Amino acid sequence: MSEVVKLQLIGLSVVGSGILILLFIRSQFLRVIGFVFIVLGLFSLVALAVPQMASLPPAEESIDIASIKTPADMASIGQKVFFSKGQCALCHSIGPSESARCPDLKGIGAKLSREFIFESLTQPQAYIYLDYRHEGIPKEYPARMPYINKDPIGLSKNEILSIIAFLQQMSGEPISVNPSELEMPGKAPAAPVKTAEAAPVAVAQAQ
Amino acid sequence: MMERPGMIQRLIRLIAESPAAVAAFVAALGALAAPVLGMAADTGYTSAVAYRDVPVVGSRNLVWVIAQLHLLLAGFVLGVPIFAWLCEVVAWKTGEKRYDKLAKEFTKLLSSAYSTTALFGGILLFILIGAYPKLMAYLSDIFFPSFMVYCALFLLETATLYMYWYGWDAMSEGGSKVFHLFLGFMLNFFAFFIMIIPNSWATFQASPVVIAEGSDLARAWAATWNPTWWPVNIHRLIANVVLGGYICGAYAGIRYLSARTPEEREHYDWMGYVGNFIGVFGLLPLPFAGYWLMREIYQYNQQMGITLMGGFLSWLFILQAMLIGVLFLGSNYYFWMGITHRIPGSEAQYKRPILTMLVILLLCLGVWMTPHSLVASLEEAQKMGGTHHPLLGVFGVMSAKMTVSNLMVLVTFMSFLMYWQAGKQATVGWARVAKAIMNALLVIAGLAVIALGVYGYFVPAIIRINYFSTSQVGIVLFVLVTFTLLTSAILKSAKTTTEMVWGRMPPRAGYALVLNAVMVILLMTLMGYARSSSRVHWHVYGVMRDSSQYAFSPALGYAAVLMAANTFFFCMIVAFIFWVATMGDKGKNAHGSKEKGADSHGALPAMAGGSQTLDKQI
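The model shown is predicted, which means the values in this text are computed figures rather than measured ones.

Caption draft 1: Fine view of the packing of helix α3 (residues 59-94) of chain B against helix α6 (residues 174-206) of chain B. Residues and elements named next belong to chain B. Direction vectors running N to C along α3 and α6 enclose 155°, while the axes themselves pass 10 Å from each other. In terms of their interaxial angle, α3 and α6 are classed as roughly antiparallel. Between α3 and α6 lies a crossing whose hand is left-handed. Taken together, the residues of α6 that come into contact with α3 (itself represented by Leu78, Pro81, Ile82, Trp85, Glu88, Val89 and Trp92) are Lys177, Val178, His180, Leu181, Gly184, Phe185, Leu187, Asn188, Ala191 and Met195. Of the residues assigned to the contact of α3 with α6, the class counts are twelve nonpolar, three polar and two charged.

Caption draft 2: Expanded view of the confidence of the model for chain B. Residue and element names in this part refer to chain B. Mean pLDDT over chain B: 84, with 84% of residues reaching 70 or higher. Ranking the elements of chain B by mean pLDDT puts helix α21 (residues 612-617) last, at 44, and helix α19 (residues 507-533) first, at 95. This model gives residues 1-5 a pLDDT under 50, and the stretch forms six contacts once residues within four places in sequence are excluded. Predicted confidence is poor over residues 34-45, with pLDDT under 50, and the contacts of this stretch with residues over four places away or in other chains come to 14 contacts.

Caption draft 3: Just the interface of chain A and chain B, in detail. Counting residues at the interface gives 51 residues for chain A and 60 residues for chain B. When chain A packs against chain B, close to 5100 Å² is buried across both sides, 71% of that on carbon and sulfur atoms. Run the count over chain A and chain B and you get zero salt bridges. Where chain A meets chain B, there are three residue pairs in polar contact (both at pLDDT 80 or more). At the level of elements, α1 (3-24) and α2 (28-49) of chain A are the ones that each hand at least two residues to the side of chain A that touches chain B. Residue composition of the side of chain A that touches chain B, by class: 35 nonpolar, nine polar and seven charged.

Caption draft 4: Representation of the packing of aromatic side chains within the structure. Residue and element names in this part refer to chain B. Per the counting criterion, the structure on display carries 42 aromatic pairs over all chains. Ring centres of Phe192 and Phe193 lie 5.6 Å apart, and the angle between their planes is 80°; on these two criteria the pair is classed as edge-to-face. Pairing Tyr273 with Tyr419 gives two aromatic rings, centres 5.3 Å apart and planes at 35°, and the pair type is tilted. Of this pair, Tyr273 sits in helix α9 (residues 262-283) while Tyr419 sits in helix α16 (residues 398-421); the two residues are 146 residues apart in sequence, bridging distant segments of the chain. What makes Tyr273 buried here is its relative accessible area of 18%. On the accessibility criterion, Tyr419 (2% relative accessible area) is buried.

Caption draft 5: Inspection of the side chain of Gln303 of chain B at higher detail. You can see Gln303 of chain B is positioned in helix α11 (residues 302-309). Residue classification places Gln303 of chain B among the buried residues on the basis of a relative accessible area of 9%. The residues touching Gln303 of chain B, leaving out its near neighbours within four places in the chain, are Gln87, Leu90, Pro146, Pro152 and Ile153 of chain A together with Tyr541 of chain B.

Caption draft 6: Layout of the layout of surface pockets. All names here are of chain B. Considering only enclosed or pocket space, the second largest pocket measures out at about 1400 Å³ in volume. Lining the second largest pocket are 36 residues, and of these Val90, Tyr99, Tyr273, Phe277 and Trp420 lie nearest its centre. When contributions to the lining of the second largest pocket are tallied by element, the ones reaching two or more residues are α3, α4 (97-131), α9, α16 and α18 (461-492). With seven residues, the single largest contributor to the lining of the second largest pocket is α18. Its residues assigned to classes, the lining of the second largest pocket shows 24 nonpolar, six polar and six charged.

Caption draft 7: Main features of empty space enclosed by the protein. Considering all chains together, one arrives at four cavities of 30 Å³ or more under this definition. Here the largest cavity defines a volume of roughly 60 Å³. The wall of the largest cavity is formed by ten residues, among which Pro58, Pro152 and Ile153 of chain A together with His537 and Arg545 of chain B lie closest to the centre.

Caption draft 8: Region of interest: the pattern of salt bridges. Taken as a whole and judged by the stated rule, the model has 13 salt bridges over all chains. One salt bridge connects Lys157 of chain A with Glu183 of chain A, and the closest N-O pair in it is separated by 3.8 Å. Residue Lys157 of chain A is located in helix α6 (residues 157-170), and its partner Glu183 of chain A is located in the segment after α6; the two are separated by 26 residues in the primary sequence. One salt-bridge network, in which partners are shared between bridges, spans Glu88, Asp100 and Lys177 of chain B.

Caption draft 9: Region of interest: the nonpolar core. Ranked by size, the top nonpolar core spans 178 residues in total, and within it Phe76 and Phe106 of chain B carry the most contacts. Beyond its immediate sequence surroundings of up to four residues, Phe76 of chain B is in contact with Pro81, Leu109, Ala113, Leu243, Ile247, Phe570, Val574 and Phe578 of chain B. The next biggest cluster of nonpolar side chains, apart from the first, holds 25 residues, and it includes Ile65, Ile77, Phe166 and Leu182 of chain A.

Caption draft 10: A look at the confidence of the model for chain A. Across chain A, pLDDT averages 82, with 86% of residues at or above 70. A low-confidence stretch, residues 188-207 of chain A stays under pLDDT 50, and its non-local contacts, those more than four residues away or across chains, total 46 contacts.

Caption draft 11: View of the packing of helix α5 (residues 114-122) of chain A against α6 of chain A. All names here are of chain A. At a minimum axis distance of 10 Å, the contact between α5 and α6 shows a crossing angle of 130°. As summarised for this structure, α5 and α6 are arranged oblique, according to the angle between their axes. α5 and α6 meet at a crossing whose hand is right-handed. Where α5 abuts α6, its residues Arg114, Ile117, Phe118, Leu121 and Thr122 lie against Lys157, Ile160, Leu161, Ile164, Leu167 and Gln168. Residues of the contact of α5 with α6, tallied by class, amount to seven nonpolar, two polar and two charged.

Caption draft 12: Geometry of unusual backbone geometry. Positive phi, close to 60°, is recorded for Gln87 of chain A, a residue that is not glycine. Here Gln87 of chain A lies in the loop between α3 (71-83) and α4 (108-111).

Cut-off values and rules
Residues numbered from 1 in each chain as written. Chains lettered and ligands numbered in written order. Predicted model: local features only at pLDDT ≥ 70, side-chain atom pairs only at ≥ 80, totals over all residues. Heavy atoms only, no water. Axes fitted to C-alpha atoms, helices over the stretch in contact; angles between N-to-C directions. Helix = DSSP H or I, 4+ residues; strand = E, 2+ residues; numbered from the N terminus. Parallel < 35°, antiparallel > 145°, perpendicular 65-115°, else oblique. Left-handed = near helix turned anticlockwise from the far one by under 90°. Contact = heavy atoms within 4.5 Å. Nonpolar A, V, L, I, M, F, W, Y, C, P; charged D, E, K, R; others polar. pLDDT = per-residue confidence, 0-100. Buried area = accessible area lost by both parts, 1.4 Å probe. Salt bridge = Lys/Arg side-chain N within 4 Å of Asp/Glu carboxyl O. Polar contact = N/O pair within 3.5 Å; in protein donor to acceptor, adjacent residues only side chain to side chain. Phe/Tyr/Trp six-rings, centres within 6.5 Å; stacked < 30°, edge-to-face > 60°. Buried < 20%, exposed > 50% of the residue type's maximum accessible area, 1.4 Å probe, protein only. 1 Å grid on protein atoms, 1.4 Å probe; cavity = no way out; pocket = protein on both sides within 12 Å on 5 of 7 lines; lining within 4 Å. Points joined across faces, edges and corners; volume = space filled by probe spheres on them. Core = buried A, V, L, I, M, F, W, Y, C linked by side-chain atoms within 4.5 Å.

And the structure:
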C-alpha cells in the first residue's frame, strides 16, 4: 500500500468519524468537532487527489571526465544539466512557446559565439541593452538572468562548458568546446558551488 | 457546598489570570537561552554537529508542528488585541457598552494565550537549537542584537498588558478612558514590533541580502531589511486581524449553537456578526498584500517565484484558491443569512441580488481554480495539442486569476455594503445622487478590471505585472475606500426602517462561522508550507544549504495531512484557552448565585463577551 493510499484512508476515516459524530452525538461542542473533522478530512483528500510531487534536492552529480571522449559527449551532459540542475528550462524554451518567460534558445548556438554565451551565463549584467526612448542618459534594462555559476544554481565551469556544447549542437553548429578544456578534479580550483559551511556572514546574491 | 478546585485547575487559573506568570516564563526562557545565544554570537564558535534527529517523528516534522502552532498562536495573540482595541474604540465612539464588554472579555484571553504562545516559542527554540545547531549558530551570529530587542519588547508588552487589563475598570470614564485607549494602542504597537522581528529572521532565510562589513548592529540591520521583510510584515498584520475576527466569530458560533436562552442566542448572534464583520474587513485587502509579497519575491529572484507559482508548488495555489473561495463564499453566505433572517420582510427584496452575487462568485472561483497546466497522459496531451487545454488553458493564467480575485473582492464588498445599509433609509438630500454615482462607479470599476484582465493576454508579462495588475488593484482599492466613506456619510443620519432582530439565525450560521475560521487557519498553514518550500533545499536561500536527510519538500498530500493536524491541534488549544479564561467566571457565578439565592441560570458562565442579561443575574 503506497503512502498516498494510506493517507487517503486516514482522510476518509476522519471524514467518516465526523459524519458519525454529527449523526449520533448530541453535544454541540462535539458536533462542531465532527464538522471540523469533515472539513479537514475533505481538505486532505482534495490535496491527495492533485498530482503528488515532492521537491527533491538536486543530485550531487559529478562529471566523470574520464568518460568524456568527444564534444558530443559533452553536449549530452550539457543537455542533462540544461533540464535539471541548471534549471534553464524553467524560463527558456527550445522552440517557440507561449509559456516561456525568457528568450527562445533555439538556434542560439549559431547566433552567438561561445565566449558571449559564457559571459551571458556567468556575468549576465555585463552586456545589457539600453533604452534610448527618453531624454537624458539611456536607461539600462537589467538582465533577469541569474548568475549561473553562483548560488543557488551554482554550476561548475565544466557544466557550463557542457551546456555551451549542447546549445551549439542543438543549433546544428559544430561544437567549439573541446573535452580537453575540462578541468580535472584536484588540478583546477574548486567549482564555485560553495555553501556557507562556517562562514561568519552571508554573502548571498544581491537583490 | 462548592467544590474546591483541584491543584491543576488552580495552577491553570494562576497562569491564566496572571500576566506575571507570562513575564516570568519569558524571563526564564531568556535566561536559559542566553548562554546558548551568547555562545552562538561568539564569532569563533562553530557547532561540531550540524543536525540531530528526533526518533519516530523526525526532527523536521516536530519543528514543523511546533513552529506552526507557535505561529498560529502568535497570530491569535496579535490579532486579538487589534480586535479588542477596535471594539473598545467603537464602544468609546458610539457609547455602546456591549462593545466595551466584548473587548474586555477578549483581552482577558490574552494572558492565557500569551503564556501558551510563549510556551510553544520556548519549545520551538530548544528543539531548533538541539536539532539544527549549525543553522541556529549561523542565524544567531547575524541576528544576536535583534534577539535583545525582542526580549526588551516582551517586557514592554507585558507591562502594557498589565496596565491595560487590570486598569480596565479603573480607567473606564473620561480622560482615563482615553489613556486606556492609548494603552491599547501601545499594546498593539509593541505587538507589531514583536511580530516583525521574527519575521526578519524568517524572511532573511528566504531572501538573504549581501551583508556589509561593519558592527554587529549594522550587519543585523542589513539582514533585517531584506526584500521580503515588509511585504511579509504587512501581509501578516492584516492576516492576524482576519484570524482574530474569524476566531471570535467561530467562538460566537459555537456558543450560539449551544445557547439555551433567547438572551444568549441574541448575544452570540451579535458577537458572530461582529467577528465576521472584522474578519471580512481584514480579508478584503489581504489579496493585495499577498500580491505585493509575490511581486517582491519575483523581483528578488525570478527562479524562486517560478518555483512557487509555476513549479512543483503550482498545484498548491489551486488549493489556496479553493480555500479562499470557500472563505469568500462562507463570509458572503453569513452576510446573506444575516440580511434574510435578521431583517424581517427582506427575503424578497434581496433574493435577486444575492443570487446574482452567488453566480458571480462561483464563476470567479471556477476560473481561479483552473490549473495552468493539466496533468495529462501523452495521448491526452497530443489530443489537446499540448499540456494546456484549448479552452480551460485561457483561464489558467495569471491575467484571468488576477481579474477574478479582484471581482470576488468587489462582490464581497457589495455584500458588506448591502448588509450595512439594510433596514436603513437615508435622510440626507444628496444620498440619491451619491448612490447613483456609486452604482455607476461600481459598473465602471468591474468593466475596467475585466478589460485590463483581457488586455493582459496581449501584452508582455512584465507590463501586465507592473501596470495592469497594479491598476486592477488600485481600481478596487479606490472603490473600497470611496464607497466606505460615502456610505458612512450617508448612513450617519439615516433612519432605521427595520430593526435588526438578533438570535433568529438558523444553526447553519454557527457552522458557517466555524467553517470560516477553519479556512483561515488552513490558509495560514498552507502558505507557511509554501513560503518554507520556496527555499527548496536551502536553509538560507543560496547561502546555507540543507544537507540533512530532510532537505526536500514533501508532496502536497503529505503536507496537507500535517496541516490538517496542525489546524485541529490549534483549534483545540484555542478552545482550551477560552475554557481556561472562563473558568474563573464560572466559579464566581456559582458562588454569586449561592449567595443571592439565584436560580440555576446564575450558574451559567459569563463567557467572553458574556450576555448582559446574564450579568444582571449575578
